[in-house]
Amino acid sequence: MIKVSIVGATGYVGIELIRLLQQHPEVQIKDLISKSNANKKLVDVYPQFRGSKLEKQTLMAIKDFKPEESELIFTALPHGVSQDISFQLVKSGTRIIDMSGDFRYHEIDIYEKWYGVEHKHPELAKKAVYGLTELNRAQIKEAQLIANPGCYVTASLLGILPLIDSDFIKSDSIIIDAKSGVSGAGRSLKSNLLFSECHNTMKAYSPAVHRHSSEIEYILNEFLRGSYDNRSSKKRAEVLFTPHLIPIKRGILATIYLDCSRKSSAREIYDLYADFYGEEKFIQILKDELPEVKNVAGSNFAQIGFKYDQRTDRIIVVSVLDNMLKGAAGQAVQNMNTVFAFAEDAGLEATALFP
Ligand SMILES: NC(=O)C1=CN([C@@H]2O[C@H](COP(=O)(O)OP(=O)(O)OC[C@H]3O[C@@H](n4cnc5c(N)ncnc54)[C@H](OP(=O)(O)O)[C@@H]3O)[C@@H](O)[C@H]2O)C=CC1
Ligand SMILES: CC(=O)N[C@@H](CCC(=O)OP(=O)(O)O)C(=O)O
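Note that the structure is predicted; figures quoted are calculated from it, not measured.

Novice: Before we move on, can you summarise the packing of helix H7 (residues 151-164) against helix H10 (residues 266-277) with the specific residues and values?
Specialist: It is the contact of H7 with H10, at a shortest axis distance of 8 Å, that shows an interaxial angle of 110 degrees. With respect to H10, the element H7 is oriented roughly perpendicular. Contact residues: Leu-157, Leu-158, Gly-159, Leu-161, Pro-162 and Leu-163 in H7; Ile-269, Leu-272, Tyr-273, Phe-276 and Tyr-277 in H10. For the contact of H7 with H10, a count of residues per class yields ten nonpolar, one polar and no charged.

Below you can see the structure in the form of structure tokens.
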């Protein structure tokens, strides 16, 4: 058993981590740290924990937290806030899995440009390891600080990575049109997220300028450059990304348009996905159907389907996942399992919710 603590425990990702970890066979939840709810009982903030083994757990202020007493800490904090807190926690020598965007870039100028904030700990960001499990397992095993990818980015990368370096894909004209459920925006109060503002409607936001455009493009280019294997591709990725807010609670659906430079076939495309993901537990490639959010929501699975359009020489890829599971807490637990050599699906066996 390892002792695990969560900083930012009462946010949406924090609470999802608790839900997963309380039934994890190898984990004992130690401290749950909250700013606005410090010294309250967890059940007083989330009555769902009544009757669970966490019924008596009290939320802790960060000043009382002793990081060296845990073997792993999840930081589930807003970007900008996580920089300093994670920097302090890393000094204890304990492994950290950070859920924010603060440590996802080794090139700090890209972070500062797209996030509009100064990075106070660039040296730490350069040592962090990117936590897309299926891409970076070897480095994740050794990392002290893992930068867990975000939900839009995980859905997009999983759909694009197997194809991007193939000879018939144009890597510099990728278009991603992605939809997110409202929990993707977190639990803090924002007027545009009130029920009457986002129910029964849909909207696009931040086209071309959303910070996740840069993360998708950055990781694709690192991949093409060989940062995750010995590849030495001359290709460069350019991505146009438009996110949408849709009136569901959880789930991401990314529709990705890839231009082809020669004729291909559905068989050739399927084989690229099958070769890339092999026996991966959490990635399901659909052959003759398109994925739906309801088939993964509540689980750590990502599903990918595609249509090859011979008429326009394009591939339309559809990638779905649960933003709080494979897009956040689930992938973070998968990374923890990888680091501690637990079964990769320990604590992550749940299927999607019915209905
Ligand atoms: N929601 C999602 O689907 C996804 C979120 N992420 C990322 O995960 C991180 C957490 O997201 P999410 O849970 O949705 O966000 P929430 O807004 O729901 O929760 C944020 C948490 O951070 C704490 N917090 C906020 N400000 C401070 C501060 N100044 N000092 C200390 N603690 C603070 C809050 O504290 P308190 O305990 O006081 O409430 C809360 O627990 C973010 O970086 C987000 O981008 C990544 C992928 C998907
Ligand atoms: C619906 C919604 O508002 N989503 C958030 C993304 C949340 C997230 O995953 O952010 P990180 O990947 O940076 O952690 C947004 O667009 O800002």
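And the narrative resumes.
Novice: Which residues make up the site of ligand 1, and what are the values?
Specialist: As a matter of local geometry, ligand 1 sits amid 26 residues, with Ser-34, Ser-36, Leu-77, Arg-187 and Asn-323 nearest to it. Here an oxygen atom of ligand 1 sits 3.3 Å away from a polar atom, N or O, in the main chain of Gly-8. Interatomic distance of 2.9 Å between a side-chain N/O atom of Thr-10 and an oxygen atom of ligand 1. Alone, ligand 1 offers 890 Å² of accessible surface; in the complex the protein occludes 81% of this. Those elements that provide at least two residues to the shell around ligand 1 are helix H1 (12-21) and helix H11 (325-339).

Novice: Mind laying out the pattern of salt bridges, listing which residues take part and the relevant values?
Specialist: Applying the stated criterion across every chain, the model contains 23 salt bridges. One salt bridge in this structure joins Glu-16 and Arg-19, with 2.6 Å as the shortest N-O distance. Highlighted residues: Glu-16 and Arg-19, both in helix H1, separated by three residues, approximately one helical turn. For Glu-16, a relative accessible area of 3% corresponds to the buried category. Overall, the relative accessible area of 34% leaves Arg-19 in the partly exposed class. Here Lys-30 and Asp-31 are joined by a salt bridge, their closest N and O atoms 3.2 Å apart.

Novice: Could you give me a rundown of the layout of surface pockets, with the residues and numbers involved?
Specialist: Of the pockets and cavities examined, the second largest pocket occupies roughly 740 Å³. If you go around the second largest pocket, you meet 26 residues; those closest to its centre are Tyr-12, Ser-183, Lys-249, Arg-250 and Met-324. Within the residue set of the lining of the second largest pocket, elements represented by two or more residues are H1 and helix H8 (195-198). Residue composition of the lining of the second largest pocket, by class: 14 nonpolar, six polar and six charged.

Novice: Tell me what's going on with the nonpolar core, and back it up with residues and numbers.
Specialist: If you look at the biggest cluster of nonpolar residues, it comprises 49 residues, and the most contacted ones within it are Leu-157, Ile-174, Ile-176, Leu-220, Tyr-273, Ile-315 and Val-317. The biggest single contributor to this core is H7, with ten residues. When neighbours within four sequence positions are excluded, Leu-220 is seen to be in contact with Leu-157, Ile-160, Leu-161, Ile-164, Ile-174, Ala-237 and Val-239. Leu-32, Tyr-46, Phe-282 and Val-320 belong to the second-largest nonpolar core, a separate cluster that totals 44 residues.

Novice: Can you tell me about the UniProt feature "active site" (unreviewed entry) in the protein, naming the residues and giving the values?
Specialist: Listed under "active site" (unreviewed entry) in the UniProt record, and renumbered for this structure, are Cys-151. For Cys-151, a relative accessible area of 13% puts it in the buried group. The contacts of Cys-151, once residues within four sequence positions are left out, are Ile-252, Leu-321, Asn-323 and Gly-327.

Novice: Would you mind going over the site of ligand 2 in detail, with residue names and values included?
Specialist: Around ligand 2, the structure places 15 residues, and the nearest of them are Arg-104, Cys-151, Tyr-205, His-210 and His-212. Here Tyr-205 contributes a side-chain N or O atom positioned 2.7 Å from an oxygen atom of ligand 2. At 2.8 Å from an oxygen atom of ligand 2 is found a side-chain nitrogen or oxygen belonging to His-212. When ligand 2 sits alone it has 440 Å² of accessible area, and the protein chains cover 83% of it. Among the residues forming the shell around ligand 2, the class breakdown is seven nonpolar, six polar and two charged.

Novice: Can you tell me about the pairing of strand S4 (residues 95-98), naming the residues and giving the values?
Specialist: Relative to S4, strand S3 (residues 72-75) runs parallel, the two sharing four bridges. By the bridge assignment for S4, Thr-75 is matched with Asp-98. The pairing of S4 with strand S6 (residues 145-147) spans three bridges and is classified as parallel. Looking across to S6, one finds that Ile-96 is bridged to Leu-145.

Novice: How would you sum up unusual backbone geometry? Please name residues and give values.
Specialist: Omega for the peptide link from Phe-354 to Pro-355 comes to -15 degrees, which places this bond in the cis form. Examined against the element boundaries, Pro-355 turns out to sit in the segment after H11. We note that Asn-200 has phi near 60 degrees; this positive angle belongs to a residue other than glycine. Along the chain, Asn-200 turns up in the loop between H8 and strand S8 (203-204). Under the relative-accessibility criterion, Asn-200 is labelled exposed at 71%. Phi at Ala-341 takes a positive value of approximately 55 degrees, unusual for a residue other than glycine. You can see Ala-341 is positioned in the segment after H11.

Cut-offs used in this document
Residues numbered from 1 in each chain as written. Chains lettered and ligands numbered in written order. Predicted model: local features only at pLDDT ≥ 70, side-chain atom pairs only at ≥ 80, totals over all residues. Heavy atoms only, no water. Axes fitted to C-alpha atoms, helices over the stretch in contact; angles between N-to-C directions. Helix = DSSP H or I, 4+ residues; strand = E, 2+ residues; numbered from the N terminus. Parallel < 35°, antiparallel > 145°, perpendicular 65-115°, else oblique. Contact = heavy atoms within 4.5 Å. Nonpolar A, V, L, I, M, F, W, Y, C, P; charged D, E, K, R; others polar. Near = heavy atom within 4 Å. Polar contact = N/O pair within 3.5 Å; in protein donor to acceptor, adjacent residues only side chain to side chain. Areas by Shrake-Rupley, 256 points an atom, 1.4 Å probe, with all protein chains shown as cover. Salt bridge = Lys/Arg side-chain N within 4 Å of Asp/Glu carboxyl O. Buried < 20%, exposed > 50% of the residue type's maximum accessible area, 1.4 Å probe, protein only. 1 Å grid on protein atoms, 1.4 Å probe; cavity = no way out; pocket = protein on both sides within 12 Å on 5 of 7 lines; lining within 4 Å. Points joined across faces, edges and corners; volume = space filled by probe spheres on them. Core = buried A, V, L, I, M, F, W, Y, C linked by side-chain atoms within 4.5 Å. UniProt positions renumbered as here; feature names shortened; annotations may be inferred. Pairing = 2+ DSSP bridges.

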